[in-house]
Amino acid sequence: MTLDPIHVENIARLAYGIGGDVDATDHDDLAERVWREWLPELRRDGRVVLAALGDHERHRAAIDDVALAERPFKAVHGLDSGTINPTTFKNGLVVDVAHAAMASSPTDLDLHRDRTIVATVHAGDSTAGFDSEWTRRDEGHTKQRVLHVPRVNRYAERVVHALALYLAEGTHALDHADRVEDLLVLDGPIYPKELFTWADRDPELGALAREAKPRAVIEKYVRLVERFVERDVPLAGFVKNPASGTAVRALSRAGVESPWPDDTALFTRLLERREPYGAAGDGEFTDDDRGAERGARLDDDLTFTTWFRSRGGADAPMAADGDALGVDRELDPELYEPTFMVVYDPRTDVTYKLEAPYAFTRDAGTRERLTRQVVAEVAATRGPPEPVAKADALARISASEKAALRRKFEERLGSDQQATYDDLRWGKETY
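From a predicted model like this one, the values you see are computed outputs, not experimental measurements. (Residues numbered from 1 in each chain as written. Predicted model: local features only at pLDDT ≥ 70, side-chain atom pairs only at ≥ 80, totals over all residues. Heavy atoms only, no water.)

What to know about a nonpolar patch on the surface
Then comes step 1: A surface patch of nonpolar side chains, about 280 Å² in accessible area, is lined by L3, V8 and I11.
Then comes step 2: Among the structural elements, L3 can be located in the segment before α1 (5-19). (Patch = residues over 30% accessible without salt bridge, like charges linked within 9 Å, V, L, I, M, F, W, Y side chains within 5 Å. Areas by Shrake-Rupley, 256 points an atom, 1.4 Å probe, with all protein chains shown as cover. Salt bridge = Lys/Arg side-chain N within 4 Å of Asp/Glu carboxyl O. Helix = DSSP H or I, 4+ residues; strand = E, 2+ residues; numbered from the N terminus.)

Printed below as a string of structure tokens:
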């Protein structure tokens, strides 16, 4: 049954009641104070968790101009991994399959054909064993294996998904690192941050993250950074849905009552421009651009921050004083620290984050080139950089393909997928 007009009107009246108690201009004032007073060096319990790297500024660039600007990096590679999503079978097995691919711009069809496929399996039976070695198929273009994940009492679906996704991505990136000449951009963070958050979610998951198999997955990314540092080729990660809460949690701990649910909401408020505005005119975002009232959003310029070093939240294990969950680091630990800049696209009202290890962004020239590259790409595509979008398209597994693969597993395992009411409600049988 759909809502009647009277129901829609009544719900809308609730919104009036909620909105009337929120003063957006107060949030603007607080955001500006946080930017000036806290974000240049934000501490939590005395430890620096976020710090400006170089100049602490916001900038804006005309979208039409920057979209046509020359790119600092000529040949850029993107990498992504897609999964069928965790699937539980009636025989007790929980399975996920990840499929990683690398794309390039300009296009390299031979590279696009290469794939890394990982199937992860969790079994309630402790006597079962499913591990396999890496094998090659498709005339050597496909590398694949089965990984039997450590047994957990809960979160089996979370474990099979994360280990499949990151093992496929990290392995594919390492195997093809030497194909990258100018820049590699991962679709997502530069480290397997899902594994780094396990300790905060549950003690059992935190202990699991330090076991041999998860640690081997983390090691892939540590070695990837070392390989790119050795080759003097920048490595970055384009995060389409940033989810960090490092800044807002540190502010809360310091006694600042934050109205923002996460860091993305805070940076969006800092970078969004609305009428009326001053006329800085020099491409630099100033406090005058904010205006006294929040009018219509202006969408002619991309806005973006300079760079930050991040040492809190999911980034803490890779900080210089972190332990990388037990993985040995061959370089100065400081060089592995995650750094980031944020770019906001007013046309879509979406905020993105570009990450890179400090090994690359400690150089001001490299920071500037990475910034110009990502701002130009976002301006031109209204979304992720072209190589990242191409890698996403290669690695993505469609809904019909996921259903077909699950049926293959049902046939091979001799067990049906465990169905839920949502499967019935949303029409799983249509596939």
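Anyway, onward from the coordinates.
A look at the pattern of salt bridges
Then comes step 1: Using the criterion set out here, one finds 41 salt bridges in the structure.
Then comes step 2: Two residues, R58 and E32, come together in a salt bridge whose shortest N-O distance is 2.9 Å. Residue R58 is located in strand β2 (residues 47-62), and its partner E32 is located in helix α2 (residues 24-38); the two are separated by 26 residues in the primary sequence.
Then comes step 3: Across the salt bridge formed by R297 and D349, the nearest N and O atoms sit 3.9 Å from each other. Of the two residues, R297 sits in the loop between β11 (284-285) and β12 (301-310) while D349 sits in the loop between β13 (338-345) and β14 (350-357), which places them 52 residues apart along the sequence.
Then comes step 4: Since its relative accessible area comes to 31%, R297 is described here as partly exposed.
Then comes step 5: Classification of D349 by relative accessible area gives partly exposed; the value is 37%.
Then comes step 6: Each of R47, R309, R311, D321, E334 and E337 takes part in salt bridges that share partners, so that together they form one network. (Buried < 20%, exposed > 50% of the residue type's maximum accessible area, 1.4 Å probe, protein only.)

Things to note about helix α13 (residues 364-381)
Then comes step 1: Compared with an ideal rise of 1.5 Å per residue, which puts 18 residues at 26 Å, α13 spans 26 Å between its outermost C-alpha atoms and is within 8% of the ideal.
Then comes step 2: Of all the positions in α13, only T366, R367, L370, T371, Q373, V374, V375, A376, E377, V378 and A379 are classed as buried.
Then comes step 3: Looking one or two residues past α13, R382 carries a phi angle of roughly 60°, positive in sign. (Expected span 1.5 Å × (residues − 1).)

A closer look at empty space enclosed by the protein
Then comes step 1: The tally for this structure, following the rule as stated, stands at three cavities of 30 Å³ or more.
Then comes step 2: Volume-wise, the largest cavity comes out at about 130 Å³.
Then comes step 3: Taken together, 14 residues make up the lining of the largest cavity; nearest its centre are S244, D263, F267, F340 and K353.
Then comes step 4: Counting only elements with at least two residues in the lining of the largest cavity, the list comes to α11 (263-271), β13 and β14.
Then comes step 5: Taken together, the residues of the lining of the largest cavity sort by class into six nonpolar, five polar and three charged.
Then comes step 6: Estimated volume of the second largest cavity: approximately 70 Å³.
Then comes step 7: Lining the second largest cavity, in full, are V76, L183, V185, A236, L354, L370, Q373, V374, E377 and P385. (1 Å grid on protein atoms, 1.4 Å probe; cavity = no way out; pocket = protein on both sides within 12 Å on 5 of 7 lines; lining within 4 Å. Points joined across faces, edges and corners; volume = space filled by probe spheres on them. Nonpolar A, V, L, I, M, F, W, Y, C, P; charged D, E, K, R; others polar.)

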